[in-house]
Structure formats: C-alpha cells, structure tokens
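# Close look at the chain arrangement
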Amino acid sequence: ADKVVTILAGRFQPPHSGHLHGYLGLVNKFGANNVYITMSDKINPDTSPFSYDERKEIFTKLLGVPSDKIIKVVRQYNVEELANKMNLSDDTALIFAISKKDAAENRFSIGRSKDGSDSYMMKYKDEFVVPFKTHAYVVEYPTTNFSFDNFPLHSASQLRELFRKFPIEKKKKLFTEMYGTFDERIFKVFLDRL
C-alpha cells in the first residue's frame, strides 16, 4: 500500500480523555493526516445517549480533535462504507484501532479463519501492509485509566454511571476535571442525557 489510513471507531458515549489519549497515540504513530475518528448516530438512552453532533462537539471543542478528522458512519468497521465516504484510493491500507479493553472482548476474527485461510482482518505488526481490498488491519492501543475522587475509571460506561449518581456540584467538578474546562452549554447536554 502507498498510503495508510487509521480509523479510531467507537461509540464514545461520551468522548473523554482516554479516547483523546488513544487518538494522540495513533497520530504519533501514523501521522495527523492519516488518523480519523468514526461514529454512528445510533442513540440508546441507557448506553448511547449522546448524538453524533454532540459527541463531535465534545471531541472538537473540549478535546481539540480537528473537525475534519471526525466522520459519521452508519456501520462501524464497514470497509465498503468507509472507502466510499473517504474516497479511498485502491492503494490505501486500512487500519482499525481498538483499545486493549475492547480487544479483550474479541470483536474481530483476526488472523486465521476457521478453515485455516487468512481472514480479512489481520493484526497490524508495524510492517508492510497491503491495500484494503485484500486485507484490513487491527491495531491495539492502550486503555487509559484515570480517576475522579478516588473512583478509578477506564471507560465511558463508568463515566456515565458516576455522573448519573453525583449531586450537581460534583457533576460540575467531574466535568471540569475530565475536560480541563467548564462549558455551560455542553454541561447542560450532559445533564439532559445523563
């Protein structure tokens, strides 16, 4: 492949500093022009309460990710959709980045199929890669642990749960510590969604 595109796909409900840490690690490894975040706009009040636009605003305004690096998709990890949406040339390699936490859940059939042949998804090994029409790759990035008020956190699910049970002043403190600033409008979105 002549070009490599790396996709950080996920629900990001909501985006937080751990996601940013993963994104920046990928930028450091693959280059700022080659790393994108993809999200769908599926909403579930319990597990996926934030819309695509709300999460994009959190990524751009609070976490500093460039707007043009965030792409709306219908189906996560769908190579055909990404190739069309991103206008990928035939000589582009495609790498999906997943956290070690998500990788432990075995979301992909990586390496060998049941019949012993190579599967479409291969583990990325810092070596020569082939274009996406032959294979796509999966690379793991470290899960970033953080804490608030002696509560260890490593996922958006835990962040949602903690936010929901805190009184308003503690919610404001959690929000401010998580994003390094307080944004009244986005905080109100958190209150509405959680």
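See above for the structure.
Residues numbered from 1 in each chain as written. Predicted model: local features only at pLDDT ≥ 70, side-chain atom pairs only at ≥ 80, totals over all residues. Heavy atoms only, no water.

### A look at helix α3 (residues 79-86)
Heads up, the rule is: The cut-offs for exposure are 20% and 50% of the maximum accessible area for each residue type, with area from a 1.4 Å probe on protein chains only; residues under the lower value are buried, those over the upper are exposed, and the others partly exposed. In this description a helix means any DSSP run of H or I spanning at least four residues, a strand means any run of E spanning at least two, and both kinds are numbered starting from the N terminus. Should any heavy atoms of two residues lie within 4.5 Å, those residues are considered in contact. Polar contacts, as used here, are pairs of N or O atoms within 3.5 Å; protein pairs need one atom able to donate a hydrogen and one able to accept it. Residues neighboring in sequence count only if both atoms are side-chain atoms.
Buried within α3 are the following residues: Val79, Glu81, Leu82, Ala83 and Met86. Its buried side turned inward, α3 meets β1 (3-9), β2 (35-39), β3 (70-72), β4 (92-99) and β6 (136-141). For α3, the capping residue at the N-terminal end is Asn78, with a side-chain oxygen 3.3 Å from the backbone nitrogen of Glu80. Asn87, located one to two residues past α3, shows a positive phi value of around 55°.

### Some thoughts on the environment of Ile71
Note that Ile71 resides in strand β3. Measuring from C-alpha to C-alpha, the distance between Ile71 and Leu82 comes to 9.1 Å, with eleven residues separating the pair along the chain. Apart from the residues within four sequence positions on either side, Ile71 is in contact with Tyr36, Ile37, Thr38, Met39, Tyr52, Lys85 and Met86.

### So, the packing of aromatic side chains
The condition that has to hold: Pairing of aromatic rings covers Phe, Tyr and Trp, the last counted by its six-membered ring, and requires centre-to-centre distances within 6.5 Å; plane angles under 30 degrees mean stacked, over 60 mean edge-to-face, and any other angle means tilted.
A complete count under the given rule lists 15 aromatic pairs for this structure. Both rings, one in Tyr124 and one in Tyr137, keep their centres 6.5 Å apart while their planes meet at 85°; by these two values the pair is edge-to-face. Placement of Tyr124 in the loop between β5 (121-123) and β6 and of Tyr137 in strand β6 is noted, with a sequence separation of 13 residues between them. The same class applies to Tyr124 as to Tyr137, namely buried. Between the aromatic rings of Tyr179 and Phe190, the centroid separation amounts to 6.0 Å while the plane-to-plane angle is 75°, which identifies the pairing as edge-to-face. Taken as a pair, Tyr179 in helix α6 (residues 168-179) and Phe190 in helix α7 (residues 184-193) lie far apart in primary sequence, eleven residues in all. Exposure remark for Tyr179: the relative accessible area of 7% places this residue in the buried category. In textbook terms, an aromatic cluster arises when at least three aromatic residues are bridged by ring pairs, as seen for Phe50, Phe163, Phe175, Tyr179, Phe182, Phe187 and Phe190.

### Digging into the pattern of salt bridges
What counts, and what does not: The working definition used for a salt bridge is a side-chain nitrogen of Lys or Arg within 4 Å of a carboxyl oxygen of Asp or Glu.
One pass over the structure, following the stated rule, counts eleven salt bridges. Note that Lys133 is salt-bridged to Asp90, the shortest N-O span being 3.2 Å. In this pair, Lys133 sits in the loop between β5 and β6 while Asp90 sits in the loop between α3 and β4, placing the two residues 43 residues apart along the sequence. For the salt bridge of Lys100 with Glu140, the shortest nitrogen-to-oxygen distance reads 3.5 Å. Placement of the pair is Lys100 in helix α4 (residues 100-103) and Glu140 in strand β6, with a sequence separation of 40 residues. Note on Lys100: relative accessible area 45%, which makes it partly exposed.

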